[in-house]
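# Examining the three-dimensional arrangement
Here is what each chain is made of, one letter per residue.
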2 protein chains.
Amino acid sequence: MEKLIEKYQQIRKKIKAYQFAMTLIHWDSATEAPKGCFEERGKNIGVLSEEAYKLSTSTDYIEVVEALYANRELLNDILHHEIIEAQKALDRMRKIPQEEFVAFRVLQASSQETWVKAKHAKDFSLFAPTLEKILAYSRKYVTYVQTDTLQGYDVLLDDFEHGFTMADYDVFFDELKQEIVPLVKKISKKNKPIRDDFAKRHYPVNKQKEFVGYLMDVLCFDRNYGVTKESEHPFTTSTSSKDVRFTVHYYETDFTSAIFSAIHEIGHALYEQQSDPALDDTFSRGGASMAMHESQSRMLENMIGRSYSFWQIHYPKLQEIFLEQLKDVSLDEFYEYINRVLLSYIRVEADELTYPLHIMLRYDIEKQLFDGSLEVKDLEKAWNDLFYTYFGIKVLDASQGVLQDMHWSAGMFGYFPTYALGSSYAAQFFDTMKQEFDVENAISQPTTKIVNQWLKEKIHRYGSTKYPKEIIENANGASFDSRYYIRYLYQKYATLYEVK
Amino acid sequence: MEKLIEKYQQIRKKIKAYQFAMTLIHWDSATEAPKGCFEERGKNIGVLSEEAYKLSTSTDYIEVVEALYANRELLNDILHHEIIEAQKALDRMRKIPQEEFVAFRVLQASSQETWVKAKHAKDFSLFAPTLEKILAYSRKYVTYVQTDTLQGYDVLLDDFEHGFTMADYDVFFDELKQEIVPLVKKISKKNKPIRDDFAKRHYPVNKQKEFVGYLMDVLCFDRNYGVTKESEHPFTTSTSSKDVRFTVHYYETDFTSAIFSAIHEIGHALYEQQSDPALDDTFSRGGASMAMHESQSRMLENMIGRSYSFWQIHYPKLQEIFLEQLKDVSLDEFYEYINRVLLSYIRVEADELTYPLHIMLRYDIEKQLFDGSLEVKDLEKAWNDLFYTYFGIKVLDASQGVLQDMHWSAGMFGYFPTYALGSSYAAQFFDTMKQEFDVENAISQPTTKIVNQWLKEKIHRYGSTKYPKEIIENANGASFDSRYYIRYLYQKYATLYEVK
């Protein structure tokens, strides 16, 4: 048994070394590689990916995982969890005919480019034939891997967020539909004037950087174990709890963009930095799931970062840095501006309140695609109709509608719902925190260390050694409940916009 | 044969992918990795190095190299050269008893730390026992790999610079001893006053960066295929001609440090950028040798970068950027300052004229260590005596004397002479250039593209497909001759200091 574990650890160590290299190469590509290097670089990435893939599909690895799985009751908790997941992945891999998997990989290699072209041309028909093939594979994938307890779209939902199926999401989105869709319409109708002239002023990048640096300290991002830099699209990445990195994109004419994307990414980064360092050498470090990670970034960005308490203490610093730009802007005006509700066609540009509606629309459509009631040829119409139902505005063209996201072009069905689920996790954690300590007071301190400590204790330190539902029950003393999120949204925005 | 070549190319592609990853990881470590990540990072580097080492010592690789070597007359010039070098490395590897090689590697792992401690304690006796072991291995190494034509210290010299042995170096250093040692003494005695008050003024880093950016354009560093950043010690690295990187260290109270180290590194970088891109997928891209690389950096730094013609056109820009600091400093004063001769104990701080004397001293000592006339126990005294002979000043302590460099602690005997050889190559190339076109005029242009074009044509494009002596003969139409260097040094400094 000891020998088996040692063998497993040795292969894991190798796989992790490749992951380490790939993560750093990707970081370099996104943040500083010279633009002329990518063709040459592609060759090297190809070799390293192939080596890593070979290792994780080698007979050596498969044999050792299976042997450990057979004796899993003898393993410690961490390894037990890790081996169950590894075995699950192997089982899944075996159920898919290899030639179909390879054909799908080939399709994937060009599908994104086809999607980009269609999006630029604002023409869904250019992408439809490709999407049909992707959907056909995904539907077949579902039939290959489904079990007695997990069928259809649930297979995909569970892939992206273990333990969550339509049974959970239906309740969640129904509540959202009943409570939040009408609220958005009321707010929209009210047309409350919100001051935004100051947002169009010029905010130099170096000053924005200064404020982001200040926020890093406020939120306790540990610079001894982290790096920040600029990139086209903000992201967070890490190779261990000792090396966690995030990026920011600065816009001189949209100064709150960098502020909130930085807070969002620091939410991700803290999860990685506060994961138990003892997990660094395992596959169990870092976030428990997509939605769990998103719960941390969105709690920091929205529940803390867009709260009145937070800006009560930090707005003076912002005003100090942007003396000219903000001298005539009150805290209340700034607070209203950063929480304004604006109907948008584009998911990634949506505000906190309307964001989950964008997800709900995608969930509804994916459900229909996998229960067979919707086909690709009718997809654009279905999208536009639903969008009108939820938002009350008409989609202008496919690039602002059905073609806006890249996910489907990569076959990632079942991924979108985790974005909204993350906010919902966050609201429930936040509610529990409020029962346990004075959160408003904690947010009003020079740093958020009290909140961070709670998150570390209840969530971060476990890395991915537990499933999301376990973490939720453990942290909240109760199972997942989406009503916290609905209530949070309703209370915040009904108050802000003075609607009942 | 085709199949053999293909197999070789495939293994080479893999080795290159590891080299790519290791280069980027090293770059990251030196320029931005958070200081707390190195322990974790070390594990991953260990795995990747081991994989790369396994690959280049695998039976597959050895067999294919040997088969290609046996049929080398059928290979194209580039592969022919590459396979001869690969076979040479394999032969060498085989001649060293593996257990001795491993024991030396183990010794190396701690020898540097021992050296650092001894240097800090300024106590050679703390390092002497370790150095004895290193020397013992190096002497044995020589006996293992020496041939009828290459014996003793020549083995090591040839390792670092193919084709150069004591027969070449003795002539070189004898000339240096006869011509330059007396010149240095004359200059020293003359004690010419050189204005340096302005150098102690404050030069903000961001302004220095602006000027280095200007120099990058003057010297035609191609930003499409390159990156620059800051690090503790300046260096240049690359993964292909399409991705070449160099670093700078800025000191606010020593503004010429960044200027000349940047010019130096750009000299290295241009060699990499101007190497034929067709060589990118081979082991033959980049510099032909240590000294050849150094010839490019030192020509740019000293012969061009410290010339009057260069500053005649670029000093106004420097004055424009440092308006306050340099407004009362004339071009002549600046020129004299950047070419001042100062006797120094430390090699890396030496000026252009006295630098080769530091190398000569090390060459003399290494020669004695390998002909058996000097032992470690007498090394410190030998160093101090020679230093007094060449420089006329007495060494104060071992940290400024025999312990100053790390090279011997890593067993790198035979390396130092390449530093001086590089300058000598550069002087000969520079002389040839002057015969072929108006170099002073080319240096006085807004960019150095005429010079760069010559260097590309005669040196850079060949990468390491030719041996240094071939490149020299090809570029100069004559074999290596160190008198160009001696003459260059003599003329420049005798004129500057008005000594005969």
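I will try to describe carefully the structure that is included in this document. Residue numbering note: each chain is counted from 1, following its sequence as written. Chains carry letters and ligands carry numbers; both start at the beginning, A for chains and 1 for ligands, and go up in the order they are written. Given that the model is predicted, a residue must reach a pLDDT of at least 70 before its local features are reported, and side-chain atom pairs must reach 80 or more before they are shown or counted; all residues, however, enter totals for whole chains, interfaces and linings. Hydrogens and water molecules were not included; the side-chain quantities draw on all heavy atoms of the structure.

### Considerations on the relation of the copies chain A and chain B
What counts is decided by this rule: We place the copies in one frame by least squares, fitting the C-alpha atoms of every residue whose pLDDT is at least 70 in both. Any two residues whose heavy atoms approach within 4.5 Å are treated as being in contact.
Superposing chain A onto chain B takes a rotation of 180 degrees combined with a translation of 0.0 Å along the rotation axis, leaving an RMSD of 0.0 Å. Accordingly, the operation relating the two chain copies is best matched by a two-fold axis. Measuring from the rotation axis to each C-alpha of chain A, the shortest distance belongs to A:Ala21, at 3.1 Å. The fraction of interface residues of chain A whose copies in chain B are also interface residues reaches 100%, indicating that both copies meet through the same surface.

### Some details on the side chain of B:Arg298
Spelled out, the test is: The helix count covers DSSP runs of H or I at least four residues long, the strand count covers runs of E at least two residues long, and both are numbered beginning at the N terminus.
With respect to the helices, strands and loops of the structure, B:Arg298 is situated in helix H11 (residues 290-304). With sequence-adjacent residues up to four places away left out, B:Arg298 is seen in contact with B:His264, B:Met303, B:Tyr355, B:Tyr419 and B:Ser423.

### Considering the interface of chain A and chain B
Just so we agree on the cut-off: Two parts placed together each lose some accessible area under a 1.4 Å probe, and the buried area is that loss summed for both. The salt bridge criterion pairs a side-chain nitrogen of Lys or Arg with a carboxyl oxygen of Asp or Glu, the two atoms within 4 Å. Polar contact is defined as a pair of N or O atoms within 3.5 Å, subject to the rule that within protein one atom must be able to donate a hydrogen and the other to accept it, and that residues adjacent in sequence are counted only when both atoms are side-chain atoms.
Across the boundary between the two partners, chain A contributes 37 residues, which contact 37 residues of chain B. Here chain A packs against chain B, burying approximately 3,100 Å² in sum over the two surfaces, 59% of which is carbon and sulfur. Here chain A is connected to chain B by 12 salt bridges. Between the two partners, chain A and chain B, sit 19 residue pairs in polar contact (both at pLDDT 80 or more). For the side of chain A that touches chain B, the elements supplying multiple residues, two or more each, are helix H1 (2-31), helix H2 (38-56), strand S1 (226-230) and strand S3 (243-248) of chain A.

### Considerations on the sheet that holds S1(A)
Residues and elements named next belong to chain A. For clarity, the threshold we go by: Should DSSP find at least two bridges between two strands, the strands are taken to pair. With axes taken as lines fitted to C-alpha atoms, and helix axes fitted only over the stretch in contact, angles between N-to-C directions fall between 0 and 180 degrees.
Taken together, 3 strands build an open sheet; the order of strands is S1-S3-S2 and the sheet is mixed. At either end of the open sheet lies a strand with only one pairing partner, and these are S1 and strand S2 (236-240). Each neighbouring strand pair of the sheet contributes to a mean axis angle of 15 degrees, computed without reference to strand direction. Here S2 pairs with S3 via 4 bridges, running antiparallel.

### Comments concerning the pattern of salt bridges
Where side chains of opposite charge bring their charged atoms close, a pairing between them can arise. Residue and element names in this part refer to chain A. Heads up, the condition is: Burial classes follow relative accessibility: with a 1.4 Å probe on protein chains only, a residue under 20% of its type's maximum area counts as buried, one over 50% as exposed, and anything between as partly exposed.
Here the structure, examined in full by the defined rule, presents 96 salt bridges over all chains. The shortest N-O distance in the salt bridge between glutamate 40 and lysine 43 comes to 3.3 Å. Separated by 3 residues within a single helix, glutamate 40 and lysine 43 lie in helix H2, roughly one turn from each other. Residue classification places glutamate 40 among the buried residues on the basis of a relative accessible area of 12%. Across the pair glutamate 375 and arginine 139 runs a salt bridge, and its minimum N-O distance is 3.1 Å. Within this pair, whereas glutamate 375 is found in the loop between helix H15 (355-371) and helix H16 (379-391), its partner arginine 139 is found in helix H6 (residues 124-145), the two being separated by 236 residues in sequence.

### A short note on the side chain of A:Ser297
Residue and element names in this part refer to chain A. Relative to the helices and strands, serine 297 resides in helix H11 (residues 290-304). Only 3.0 Å separates the side chain of serine 297 from the backbone oxygen of glutamate 294, close enough to count as a polar contact. Serine 297 has contacts with His264, Gly267 and His268, leaving out every residue within four places of it along the chain.

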